[in-house]
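Close look at the chain arrangement
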Amino acid sequence: MKAKTLNLVTTMRISESVYSIFSRRLSSLPKLPRIPTKYKQRAIKEAQQAVTDYLHHTKFIPFAYADHISRNSVYNLFSLISNAVIAYKTSDFSKSIVRFLRYYPINEFEFFFESIGIHYSEVGKFLPANKFFFSEDRSVLDAAGALSSFGFPWNMLGRLYKEEVLIFSKSCEDITSRLYGFKNDHGFSNVIVIGVCLAFPHVLLVDDDELFDDLKRVFVDFDLVSWAEENVDSWYELCRKIRLFYDLGCEKGKLGELLAENKRILIDHSEEVLAQKLEYFCRFGVRKVDVALLLLKCPEILSFDLETPVISVEGLFSHFGLSTKEVKSISEKYPYILGRNKMANLPHVMRAANLQDWFFDKIRNGNHQLLGNYALSNPDEDFNKEFRDGLERVQSSKLRLYTMNKLTFLHGIGYGENALTMKVLAHLHGSCSELQDRFDCLLRCGIEFSKVCTMIRLSPKVLNQNPETIEQKVDFLCQHMGASLDYLDKFPTFLCFDLQYRIKPRYKFHMWLIEKGLSSKNYSIGSMVATSEKSFITRVYRIHPAAPKLWFECFLRKRPHNNSLK
């Protein structure tokens, strides 16, 4: 009797928790037509019970599974309520839903996949073809049941499914045997095993002794167990933190020792903080494994504010030991980085000046404290009046938000608060995200970060084209014209000319003249492309009096697709 009472109390608490979650999420869920707000909680409760009964009594699914599915498929539940109410127009939700299910059976896999934590919008990608009922394929349900019986939260199983779908094709016996093997072989509790499997799903399919050696070293040998809370969420978060370092290239079998020596990293800092700091230093463009090792060896960095402080670029160079002569040399070569910027943009400031390797080496070789104790020497340090005047004009203009977003982009790639930045800003067109896509496209083409920044300084309109156009021009320059990417250092404006109606026809005409022996001079790419139309025709006439006629008739009119002169 006591046990029954306890189970009843537990069930009531679970139900209350579920309904409170539903009520908090009502605003983001599909609307329930024809149902007054005061009846929504009742509709949800009765629909949940109806689905549980349907799956258990009609479809013979174990009650525990049916209950999990009905309680964790809120979007499908709302859709069912809406359809049932519209079909039968009754305020007796339970009866209308039961009647609806009698004539319109649900797609059980839709409910299942949502219930294990896969978002409703993604469920369609995982549905089996031409299958609607578990009676057609019980493997996924049985696998979920085996995992749930061990202690896996039902609504977190989708993490396993999305990353390692083959887990759900294994037999219950295989899954259970593997889980208890982890527990017995390594001395882990159930919640630790669950946390490990959720963070590293592949261990349920293949052996990974080096990973478990690392984890045992940290969890057991160095007693992390006594520091962590004994629940799935806590251990899952710990394992996700460890995975961050593996994802950056840390070697399995060796990471455990480093983590064990600095286990406070896992205890004192959230996964979000770790991920932010790792991402910050990865933006220097150095090897990812070096970034991971930096934080493992210098964990104090995790406490540094690397987002909000304002920096003076020249002041920071001096702070890190560069001489006045060295700072002047950098300023002359990369004037666009000068002035103030945010600490958050520092990685790209260094890349914009091609100093990322020097700066990162400084930090990891014992000078990381310089990053933590840097501050402006005075409130007016590196103040640039021309920039401030330009900024005031921008802020008072009608396109304030649009222009400020473009300025944010420039600061983000390393441009500082200086007059040159405002001049470049005036020539850029596009949203912040569009400009970033175009900038990233140039990087993907193989152009160094600092060189792209220099190109923008010399020819800002380079960024006023879509990525596809940029890629086509770079490809034609390198693959057809035989030039290297270095040519863009001295002639970035090449990317501003039209490929189909300027670059290609002029280049092909020039090559035809050479092939026919009419011209013995090889003109530079810049001379071919940048010369005005009038000067180009004058040059062509000097080569041969009949050449202009051929140009107009065979190239300008028929454009680059003309093959008559090949």
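Residues numbered from 1 in each chain as written. Predicted model: local features only at pLDDT ≥ 70, side-chain atom pairs only at ≥ 80, totals over all residues. Heavy atoms only, no water.

Topic: helix α26 (residues 467-480)
We apply this condition: Only runs of H or I of at least four residues qualify as helices and only runs of E of at least two qualify as strands under DSSP, and these elements are numbered from the N terminus. Here the expected length of a helix is defined as 1.5 Å per residue gap, with one fewer gap than residues. Pairing of N or O atoms within 3.5 Å defines a polar contact, subject to two protein rules: one partner must be a possible hydrogen donor and the other a possible acceptor, and residues neighboring in sequence count only if both atoms are side-chain atoms.
For α26, with 14 residues, the first-to-last C-alpha span of 19 Å sits near the 20 Å given by 1.5 Å per residue. Where α26 begins, one side-chain oxygen reaches toward the backbone nitrogen of E468, 3.1 Å away; that side chain belongs to N466. Just beyond α26, the residue with positive phi is G482, at close to 75°.

Topic: the pattern of salt bridges
Put simply, the rule reads: Only one rule defines a salt bridge in this text: a Lys or Arg side-chain nitrogen within 4 Å of an Asp or Glu carboxyl oxygen. Buried means the residue's accessible area, taken with a 1.4 Å probe over protein chains only, is under 20% of the maximum for its type, while exposed means over 50%, and partly exposed covers the values in between.
The final tally for this structure, using the stated rule, is 25 salt bridges. Notably, a salt bridge pairs R243 with E163, separated by 2.8 Å at the nearest N-O pair. Of this pair, R243 sits in helix α12 (residues 232-247) while E163 sits in helix α8 (residues 157-163), and the two are 80 residues apart along the sequence. Take R243: its relative accessible area is 24%, and that puts it in the partly exposed class. For R243, the salt bridge goes to D247, with nearest N and O atoms at 3.6 Å. Of this pair, R243 and D247 both sit in helix α12, separated by four residues, roughly a single helical turn. We classify D247 as exposed; its relative accessible area is 52%.

Brief notes about the confidence of the model for the protein
Caution is warranted with low-pLDDT regions, since their predicted coordinates should not be read in detail. Defined as follows: The predictor attaches a confidence to each residue, called pLDDT, with possible values from 0 through 100. Contacts: residue pairs with any heavy atoms within 4.5 Å of one another.
Per-residue pLDDT for the protein averages 88, and the proportion of residues at 70 or more is 90%. Taken element by element, the predicted model of the protein shows its lowest mean pLDDT in helix α1 (residues 2-25) (43) and its highest in helix α19 (residues 346-352) (98). In this model, residues 1-27 is a region of pLDDT below 50 whose contacts with residues beyond four sequence positions or in other chains number 18 contacts. Considering only residues more than four positions removed or in separate chains, one finds that residues 557-566, a stretch of pLDDT under 50, has 15 contacts.

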